[in-house]
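# Structure at a glance
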Amino acid sequence: MQIPLVASRLRAALRRSKRLMRPRPVIGAKTLNPSPPKAVPKLPSVQAPSVRHWLSLALSGIGMGLCASAIVLWGLQLLLPNGQYFERIQIPLAKQWNLPEREAIGWVSYADALLTSERSDEAMRAYGTAMGLLDTRSGIVSRDLFIQIQNQSLAASQAKSTSSFIHPAWGSVLLGLLRNPFSASTWLDAFVAFPLIEEPQLLALLMLSLWLAGNFIRSLQDQVAWTRILDQERIFSLGRLLPITLGSGLLALLITALVSLSPSQPVMGAVVLGAAVPGLFVQILNRVYQLRSRQALAAWESQHRAEFSSELHNTAQQSIMNAQVLLREIINDLEISDEPEAGNYAWRLAEAMERCQEVEDELRVLRNGTEDKFARGQSFFDAIEPICDRLDRRGVQYTFSWLDGPLELDGKTWERSTFALAESARDRRIAATLYQVLSELTWNVIKYACLESEEVILEIKFSCVRQDRVIRYTLEVEDNGPGFDVQTAQDRRPHSGIFSLERYLKRVEIVGAQARSVLQSTPGKGTNILTEIVAPIRRSQTDMVRDR
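Residues numbered from 1 in each chain as written. Predicted model: local features only at pLDDT ≥ 70, side-chain atom pairs only at ≥ 80, totals over all residues. Heavy atoms only, no water.

### With respect to the sheet that holds strand β5 (residues 514-521)
Read across the open sheet, the six strands follow the order β2-β1-β3-β4-β6-β5; overall the sheet is mixed. Each edge of the sheet is formed by a strand with only one pairing partner; in this case those strands are β2 (407-409) and β5. This sheet shows a mean twist of 20 degrees between the axes of neighbouring strands, independent of strand direction. Sheet strands in contact with helix α17 (residues 411-418) are β1 (397-404), β2, β3 (457-467) and β4 (470-479), and its direction is about 30 degrees off that of β3. (Pairing = 2+ DSSP bridges. Helix = DSSP H or I, 4+ residues; strand = E, 2+ residues; numbered from the N terminus. Axes fitted to C-alpha atoms, helices over the stretch in contact; angles between N-to-C directions. Contact = heavy atoms within 4.5 Å.)

### Focus on the pairing of strand β6 (residues 527-536)
In terms of burial, β6 is largely enclosed, as seven of its ten residues are buried. Direction of pairing for β4 relative to β6: antiparallel, over a ladder of ten bridges. Of the residues in β6, the one forming a bridge with Arg472 is Val534. Sheet topology note: the β5/β6 ladder contains eight bridges and is antiparallel. In the strand pairing of β6, Val518 is matched with Leu530. The turn joining β5 and β6, which pair antiparallel and follow one another in sequence, is formed by five residues; a positive phi near 85 degrees is taken by Gly524. (Buried < 20%, exposed > 50% of the residue type's maximum accessible area, 1.4 Å probe, protein only.)

### Thoughts on helix α8 (residues 184-198)
Look at α8: only 18 Å from first C-alpha to last across 15 residues, short of the 21 Å you get at 1.5 Å a residue. Among the residues of α8, Thr186, Asp189, Ala190, Ala193, Phe194, Pro195, Leu196, Ile197 and Glu198 are the ones counted as buried. (Expected span 1.5 Å × (residues − 1).)

### Details of the pattern of salt bridges
Per the counting criterion, the structure on display carries six salt bridges. Arg466 is paired through a salt bridge with Asp404; the nearest N and O atoms lie 3.0 Å apart. Remark: Asp404 occurs in strand β1 and Arg466 occurs in strand β3; sequence separation between them is 62 residues. When its relative accessible area of 5% is taken as the criterion, Asp404 is described as buried. Here Glu532 ties to Arg516 by a salt bridge, and the two come within 3.1 Å at their closest N and O atoms. Remark: Arg516 occurs in strand β5 and Glu532 occurs in strand β6; sequence separation between them is 16 residues. On the basis of relative accessibility, which here comes to 44%, the residue Arg516 falls in the partly exposed class. Each of the salt bridges in this network shares a partner with another, and the network as a whole consists of Arg102, Asp189 and Glu198. (Salt bridge = Lys/Arg side-chain N within 4 Å of Asp/Glu carboxyl O.)

### Focus: the packing of aromatic side chains
With the rule as written, the count across this model stands at 15 aromatic pairs. With 5.5 Å between their ring centres and 90 degrees between their planes, Phe380 and Phe462 make a pair best called edge-to-face. Within this pair, whereas Phe380 is found in helix α15 (residues 380-383), its partner Phe462 is found in strand β3, the two being separated by 82 residues in sequence. Phe462 shares its class with Phe380; the two are buried. Consider the rings of Trp414 and Phe419, whose centres lie 5.7 Å apart with planes at 90 degrees: the pair is edge-to-face. The buried category is assigned to Phe419, whose relative accessible area is 6%. Feature note: the residues Phe380, Phe381, Tyr398, Phe400, Trp402, Trp414, Phe419, Phe462 and Tyr473 constitute an aromatic cluster, connected by ring pairs. Between the NZ or CZ atom of Arg143 and the centre of the ring of Phe146, over which it lies, the distance is 4.9 Å. (Phe/Tyr/Trp six-rings, centres within 6.5 Å; stacked < 30°, edge-to-face > 60°. Lys NZ or Arg CZ within 6 Å of the ring centre and 35° of its normal.)

### Details of the packing of helix α2 (residues 51-79) against helix α3 (residues 84-96)
Interhelical geometry of α2 versus α3 gives an angle of 140 degrees and a closest axis separation of 8 Å. By the criterion of interaxial angle, the relationship of α2 to α3 is oblique. Of the residues in α3, those touching α2 at Leu73, Leu76 and Gln77 are Tyr85, Phe86 and Ile89. Classifying every residue of the contact of α2 with α3 by side-chain character gives five nonpolar, one polar and no charged. (Parallel < 35°, antiparallel > 145°, perpendicular 65-115°, else oblique. Nonpolar A, V, L, I, M, F, W, Y, C, P; charged D, E, K, R; others polar.)

### Observations concerning the side chain of Thr186
Position of Thr186 among the secondary structure elements: in helix α8. Apart from residues lying up to four places away in sequence, Thr186 is in contact with Gly176, Leu177 and Asn180.

### Describing a nonpolar patch on the surface
Taken together, the side chains of Leu55, Leu59, Ile62 and Leu66 present a nonpolar region at the surface, about 390 Å² in accessible area. The residue Leu59 is located in helix α2 in this model. (Patch = residues over 30% accessible without salt bridge, like charges linked within 9 Å, V, L, I, M, F, W, Y side chains within 5 Å. Areas by Shrake-Rupley, 256 points an atom, 1.4 Å probe, with all protein chains shown as cover.)

### Considerations on a negative patch on the surface
On the surface, a cluster of negative charge is contributed by Asp382, Glu385, Asp389 and Asp392. Tracing the sequence through the fold places Asp382 in helix α15. Judged by relative accessible area, which is 32%, Asp382 ranks as partly exposed. (Lys, Arg positive; Asp, Glu negative; His and termini not counted. Charge placed at Lys NZ, Arg CZ, Asp CG, Glu CD.)

### Here we look at the packing of helix α4 (residues 100-116) against helix α6 (residues 140-157)
Running from N to C, α4 and α6 point in directions that differ by 15 degrees, and their axes come no closer than 11 Å. As summarised for this structure, α4 and α6 are arranged roughly parallel, according to the angle between their axes. When the axes of α4 and α6 are compared, the crossing they make is left-handed. Contacts between α4 and α6 involve Glu101, Ala104, Ile105, Val108, Asp112 and Leu115 from the former and Val141, Ser142, Leu145, Ile149, Gln152 and Ala156 from the latter. Looking at side-chain class alone, the contact of α4 with α6 contains eight nonpolar, two polar and two charged residues. (Left-handed = near helix turned anticlockwise from the far one by under 90°.)

### Focus: the confidence of the model for the protein chain
Should the pLDDT be low somewhere, the predicted coordinates at that spot are not to be read in detail. Averaged over every residue, the pLDDT of the protein chain is 76; the share at 70 or more is 74%. Segment residues 17-47 is flagged for pLDDT under 50; beyond a separation of four residues in sequence, or across chains, it makes eight contacts in the model. Confidence drops under pLDDT 50 across residues 229-233; counting only partners more than four residues distant or on other chains, this segment forms ten contacts. (pLDDT = per-residue confidence, 0-100.)

Here it is as structure tokens:
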């Protein structure tokens, strides 16, 4: 056989392979002129926080501060014995701020505490002091309060059983702003002295109401997003207005209860705490929709994988198999040729055929799906054997380490203690992700490290650590290759190779796990890539650890 004839047949095989690999044109699609390659855009600069962000942060800080102050004062009111809170805090502050009604109610509360401690003489003096503060005042609120204190004092002096003093509602204090809106003492009484000093539980319940209403709005927004029944893009869509409307209505009901009911009535706390029921119900409903969406997405992935598998088998894999057949025919012809260079050509074509076989193996794994193989009974340890064979053919020296906490195990024992591939879809997804990341990283070692280093040493470490109700799966791959400057390589090829591992890592989010990858490399000092997947620990995994 002549060398020109071999070259002619080889060119024909390559043309046929390219023709088979060429994508079929889409009917009706427009042909676009190829545009010149664009430069990689620079990363956008980080924008400064907006005014809305700072305003929200300031309001949250003020609300948390007020809530903390109210809780502290409320605790002092409940814990200090013999009415010392009213004697040491409420009465002096009301006297300093010139608020006689708040001071009078402080004396009444102090008198009630003294009666409880069986100190009736001091209690009667406290009642008298409260009535003396209001005796000369002619306002309607002051006169009604004077009569109520007088009746309370009379019942106490006659040794009759007295009921608790009915404190006025916050609404009656706020009405004072309408009667005298330009008085600083009226504003101080309505928003500081009464809700914070005299009745600190009011302010604590108000902050709780605001949080419940905001949480209810966010839950409704999530609900609308999950159901996808409304258009969220339009500014005035029902999907935007409904959560805010319902949440505002809930907040209005809570504020109405806080304003109209007396703080001494226990029903007020029950009303505010009862507002948590709608938000809790919507959150449970969101959880149900989230689980349903995960199931639907898993079913869609299965269907899409089946369609993709069929298309891949009928196009790319068949084309590669046809190219392998043609290459085998050419190699056979070269092996019986008498030309002196035929052996060299045959060896090079055999190497090209081996590369085609590796690509076919990768496509077969991609077509069948790693998770499906795990579900059909294949172990994780057996799944990585093709990766080991690939490294062996390239002459890469590699070592595997399998760590379960501080213990070093063999691969199969580590797999049994870490994964339950037959029962758990989550474990299959995590194992498949680790396999795909390892496959991608070993390909990069073969493509780059093996070209520039004569002896490549690869260290692969799998570890599993259980702590704080989570389980951490870690894959660390380190080589002694030439290394590279990370920033320069990422600017040149930001979406390829080791910089695109995120496409694998994001797939674990659907099973409730989180993943990240850290790349470290220095020119002349090799490369280290650490991939970590964190998932909540399951009860079966807890039992597995206890049995061990």
